[in-house]
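So the chains spell out like this:
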Amino acid sequence: MKVIMTGGGTGGHIYPAIAIADEIKRRDKSADILFVGTERGMEKDIVPKSGYPISFITVSGLHRKQIWKNIKTIRDLNKGLHEARKIIEEFKPDIVIGTGGYVCEPVMRTAAKMGISTYIHEQNAFPGLTNKLLSRHADQVFVAFEEAKKYFKVKKEPITTGNPVRRAFREADRQEAREALGIGSDDFVILSFGGSLGAQRINDEMKIAVKRLADRAGCKIFFVTGRRYYKAFTENADKNDARVTYLEYIDDMPKYLGACNVAITRSGALTVSEITACGRASIMIPSPYVTNNHQYFNAKVVADKGGSILIEEKDLKEGDVADAIEKIISDRSALEKMEKAAGAIGRTDAAEVICDIIGIHV
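Just so you know, these numbers come straight off a predicted model, no measurement behind them.

## Comments concerning the packing of helix α8 (residues 200-212) against helix α13 (residues 320-330)
Contact pair α8 / α13: the axes reach a minimum separation of 7 Å and the direction vectors enclose 45°. Classed by the angle they form, the pair α8 and α13 counts as oblique. Taken as a pair, α8 and α13 cross one another with a handedness that is right-handed. Together, Glu205, Met206, Ile208, Ala209 and Arg212 of α8 and Asp320, Val321, Ala322, Asp323, Ile325 and Glu326 of α13 make up the contact between the two elements. Looking at the contact of α8 with α13, its residues break down into six nonpolar, no polar and five charged.

## Some details on the pattern of salt bridges
Taken as a whole and judged by the stated rule, the model has 24 salt bridges. A single network of salt bridges, built from pairs that share partners, joins Glu23, Arg26, Arg27, Arg167, Arg170, Glu352 and Asp356.

## Regarding empty space enclosed by the protein
Following the criterion strictly, the structure yields one cavity of 30 Å³ or more and no others. Tyr15, Pro16, Ala19, Pro164, Val165, Arg166, Phe169, Leu270 and Glu274 are the residues that line the largest cavity. The set of elements that each furnish at least two residues to the lining of the largest cavity consists of α1 (11-27) and α11 (269-278). For the lining of the largest cavity, the leading source of residues is α1, giving three residues. A class-by-class count of the residues in the lining of the largest cavity yields seven nonpolar, no polar and two charged.

## Structural notes on helix α4 (residues 104-113)
Extensive coverage of α4 is indicated by the burial of seven of its 10 residues. Of all the residues in α4, the buried ones are Cys104, Glu105, Pro106, Val107, Met108, Thr110 and Ala111. In the stretch just after α4, Gly115 is the one whose phi turns positive, near 80°.

The rules behind the values
- Residues numbered from 1 in each chain as written.
- Predicted model: local features only at pLDDT ≥ 70, side-chain atom pairs only at ≥ 80, totals over all residues.
- Heavy atoms only, no water.
- Axes fitted to C-alpha atoms, helices over the stretch in contact; angles between N-to-C directions.
- Helix = DSSP H or I, 4+ residues; strand = E, 2+ residues; numbered from the N terminus.
- Parallel < 35°, antiparallel > 145°, perpendicular 65-115°, else oblique.
- Left-handed = near helix turned anticlockwise from the far one by under 90°.
- Contact = heavy atoms within 4.5 Å.
- Nonpolar A, V, L, I, M, F, W, Y, C, P; charged D, E, K, R; others polar.
- Salt bridge = Lys/Arg side-chain N within 4 Å of Asp/Glu carboxyl O.
- 1 Å grid on protein atoms, 1.4 Å probe; cavity = no way out; pocket = protein on both sides within 12 Å on 5 of 7 lines; lining within 4 Å.
- Points joined across faces, edges and corners; volume = space filled by probe spheres on them.
- Buried < 20%, exposed > 50% of the residue type's maximum accessible area, 1.4 Å probe, protein only.

Next comes the structure, spelled out in structure tokens:
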């Protein structure tokens, strides 16, 4: 079995592809898997670290405001189509699986024209433009959220699978994670993160929360500032406050998410899936800077079922996050209900379901 995985730009497209690839390799150790991405996306570093080879093509995103820049986008697409064809002809894949991002366009379109079976996985509740355009050429569309189905105008109904997440999230054990981090079993653990670069509004709210919770015993905070804000936070932090650990970035998210009681986060599709796979309560503040406000729709799926508190950034008032945290701490029965609701939403078998349908068996 030879498989091309394509998808990139952000971890939200890359990690689901890696999870699918891992499941393929688990079932068929002789499977030959090649990733195709761009040299500008995060896949350049993430994919090789995960043990898979990657080839690069030239492609760039669509400019919605500065239309004139799309002249270069079209030029890049034409070049990317030629590069994708060359890779496909040399590698000779049996199937091609796309997980989103503009790199998928030339790879998936070329593969479909060459008569190769193609599959798409959409991570968000509100699908991206690339996947919607490519869906009519795909043999099957997989969606993470039932709510996404209605946006695909295809003959073959999309199949809801959830988001493929790494096994470490499914197997996250709170006690084991706390022991690894040196946290007491009775501590109330808060994890705050806003992406690799960080989120200013979440950080501002967490500064207030840190002060507000100063007198609460047994409270531990992991404050992931993001690379953009880490230096400023650590320079001004109270070095004697053992309750708070400031981190620039987390490489081992399953351990920290597994250990926490509540996570304060953005609501990218992968983040939402990882939180629900772990069955953790959350306070989600969707990024307003994403196309079609898709993070809001991701968060709403969980909030509507009672697994998360959703606060839109436009409605966020100073101290709102601290208020929500204090409310959760004070009502442990409500916290348990949130965890159960989040866990009930979480799908942990997405990669397995996708492989079953594609026809890759153990």
